[in-house]
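Examining the three-dimensional arrangement
Chain residues, written in single-letter form:
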Amino acid sequence: MADPTVLDGRRARGDASRQVVLKSATDLASIEGLDGLTIGRLAEESGRSKSSIATLFHGKEGLQLATVAAAREIFVATIVAPARVEPPGLRRLVALLRNALAYSRDRVFPGGCFFAATSADVDSKPGPVNDAVRTALTTWYGYLEVQARAAVAAGDLTIHEDEAEQLTFELLALDEAANTRSLLLGDDRPYALAALGMRSRLLAAGADPALLDGLTRAT
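Thresholds, definitions, all that
- Residues numbered from 1 in each chain as written.
- Predicted model: local features only at pLDDT ≥ 70, side-chain atom pairs only at ≥ 80, totals over all residues.
- Heavy atoms only, no water.
- Core = buried A, V, L, I, M, F, W, Y, C linked by side-chain atoms within 4.5 Å.
- Buried < 20%, exposed > 50% of the residue type's maximum accessible area, 1.4 Å probe, protein only.
- Helix = DSSP H or I, 4+ residues; strand = E, 2+ residues; numbered from the N terminus.
- Contact = heavy atoms within 4.5 Å.
- Axes fitted to C-alpha atoms, helices over the stretch in contact; angles between N-to-C directions.
- Nonpolar A, V, L, I, M, F, W, Y, C, P; charged D, E, K, R; others polar.
- Salt bridge = Lys/Arg side-chain N within 4 Å of Asp/Glu carboxyl O.
- Phe/Tyr/Trp six-rings, centres within 6.5 Å; stacked < 30°, edge-to-face > 60°.
- Parallel < 35°, antiparallel > 145°, perpendicular 65-115°, else oblique.
- Left-handed = near helix turned anticlockwise from the far one by under 90°.

1. Quick word on the nonpolar core
Counting residues in each nonpolar core, the largest one holds 62 residues, and the members touching the most others are Leu34, Leu90, Phe114, Phe115, Trp140, Leu157 and Leu202. Take this core: its biggest share by element is ten residues, from helix α7 (residues 128–153). Residue contacts for leucine 202: discarding those within four places in its chain leaves Leu90, Leu93, Val94, Leu97, Leu157, Leu167, Leu171, Ala207, Leu212 and Leu215.

2. Describing the side chain of glutamine 147
Note that glutamine 147 resides in helix α7. Judged by its relative accessible area of 2%, glutamine 147 falls in the buried class. In contact with glutamine 147, other than residues within four places in its own chain, are Pro88, Gly89, Leu90, Arg92, Leu93 and Leu96.

3. A few points about the packing of helix α5 (residues 90–105) against α7
Look at α5 against α7: their axes get within 7 Å of each other, and the N-to-C directions meet at 145 degrees. Contact residues: α5 offers Leu90, Arg92, Leu93, Leu96, Leu97 and Ala100, while α7 offers Trp140, Tyr143, Leu144, Gln147, Ala148 and Ala151. Broken down by class, the residue content of the contact of α5 with α7 amounts to ten nonpolar, one polar and one charged.

4. Overview of the pattern of salt bridges
This model, assessed by the stated rule, comprises nine salt bridges. The salt bridge partner of glutamate 45 is arginine 41, with a shortest N-O separation of 3.3 Å. With glutamate 45 and arginine 41 both in helix α2 (residues 39–46) and four residues apart, the pair spans about one turn of that helix. Close ionic contact of arginine 149 with glutamate 161 constitutes a salt bridge, the shortest N to O distance being 3.5 Å. Here arginine 149 is found in helix α7, whereas its partner glutamate 161 is found in the loop between α7 and α8 (164–185), with twelve residues between them in sequence. Arginine 149 gets classed as partly exposed once you look at its relative accessible area, which sits at 25%.

5. What about the environment of lysine 50?
Tracing the backbone through its elements, the reader meets lysine 50 in helix α3 (residues 50–57). Residues lysine 50 and valine 146, 96 residues apart in the sequence, show an inter-C-alpha distance of 43 Å. When near neighbours in sequence (up to four residues on either side) are disregarded, lysine 50 contacts Ile39, Gly40 and Ala43.

6. Comments concerning the environment of threonine 168
Relative to the elements of secondary structure, threonine 168 occurs in helix α8. Along the primary structure threonine 168 and alanine 132 are separated by 36 residues, whereas in three dimensions their C-alpha atoms are 22 Å apart. When near neighbours in sequence (up to four residues on either side) are disregarded, threonine 168 contacts Tyr141, Leu144, Glu145 and Ala148.

7. A word on the packing of aromatic side chains
Enumeration according to the criterion identifies six aromatic pairs in this entry. Geometrically, the ring pair formed by tyrosine 103 and phenylalanine 109 is edge-to-face, given 6.1 Å between the ring centres and 85 degrees between the ring planes. Judged on exposure class, the residue tyrosine 103 and its partner phenylalanine 109 are both buried. Considering the side-chain rings of phenylalanine 109 and phenylalanine 114, the 5.6 Å spacing of their centres and the 50 degrees angle between planes classify their relative orientation as tilted. For phenylalanine 109, a relative accessible area of 1% corresponds to the buried category. Of the aromatic side chains, those joined through ring pairs into one cluster are Phe75, Tyr103, Phe109, Phe114, Phe115 and Trp140.

8. Some words on the packing of helix α4 (residues 60–83) against α5
If you want to describe how two helices pack, look at the angle between their axes and the distance between the axes. Running from N to C, α4 and α5 point in directions that differ by 155 degrees, and their axes come no closer than 8 Å. Put simply, α4 runs roughly antiparallel to α5. Relative to α5, α4 is oriented so that their crossing is right-handed. Here Phe75, Thr78, Ile79, Val80, Pro82 and Ala83 of α4 come into contact with α5, specifically with Arg92, Ala95, Leu96, Asn99, Ala100 and Tyr103. Classifying every residue of the contact of α4 with α5 by side-chain character gives nine nonpolar, two polar and one charged.

What follows is the structure in structure tokens.
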């Protein structure tokens with residue numbers, strides 16, 4: 001019978017190796033997309049052997065799925081989790097938007113938003129990787145809309161509840177435009193412009209200006 005201590009040690013080393021490789025994988029995919037994320041390319045980037053990476057992830061699709069999952073964990077930890085200190089509704093919505101802008105601006109991933117960089121790779125290619133990226137994005141979009149609807153229900157926004165979907169779409173569009181333009185121009189100015197646009201849109205929806213100060217101050 002195998003020694004449990006030996007098995008635990010191997011598992012721990014395997015988990016550590018997996019995390020190191022996934023850090024390289026998420027960074028690489030944010031720049032080159034998921035199509036560029038091959039076992040060979042990742043071996044070059046991470047300094048690991050092709051065989052060790054293949055063993056860890058059982059092929060290219062397994063590697064891609066693990067990379068999307070790892071990126072999603074980082075996204076949640078960076079944007080969503082810190083915002084949960086705020087109550088549901090407008091305060092949490094503002095915190096989420098502020099965190100989303102900072103996540104891209106501060107280059108948590110060197111290629112900006114991981115999901116913006118990788119969604120174009122998979123949007124016309126059905127399969128498990130497409131499903132994983134789409135699920136991550138639709139969950140994010142839905143969570144923001146839930147906060148907008150909560151803000152309407154609480155009276156913090158004066159728009160009709162049916163307008164929450166459109167409001168969320170416009171706020172997300174500003175965030176995504178800032179990410180794209182900043183990467184293209186090598187300039188942080190788009191984040192400040194996006195924050196001002198978000199503030200204007202929320203004011204038009206009836207938000208108290210005092211609750212929006214953190215949005216523009218953070219950029």
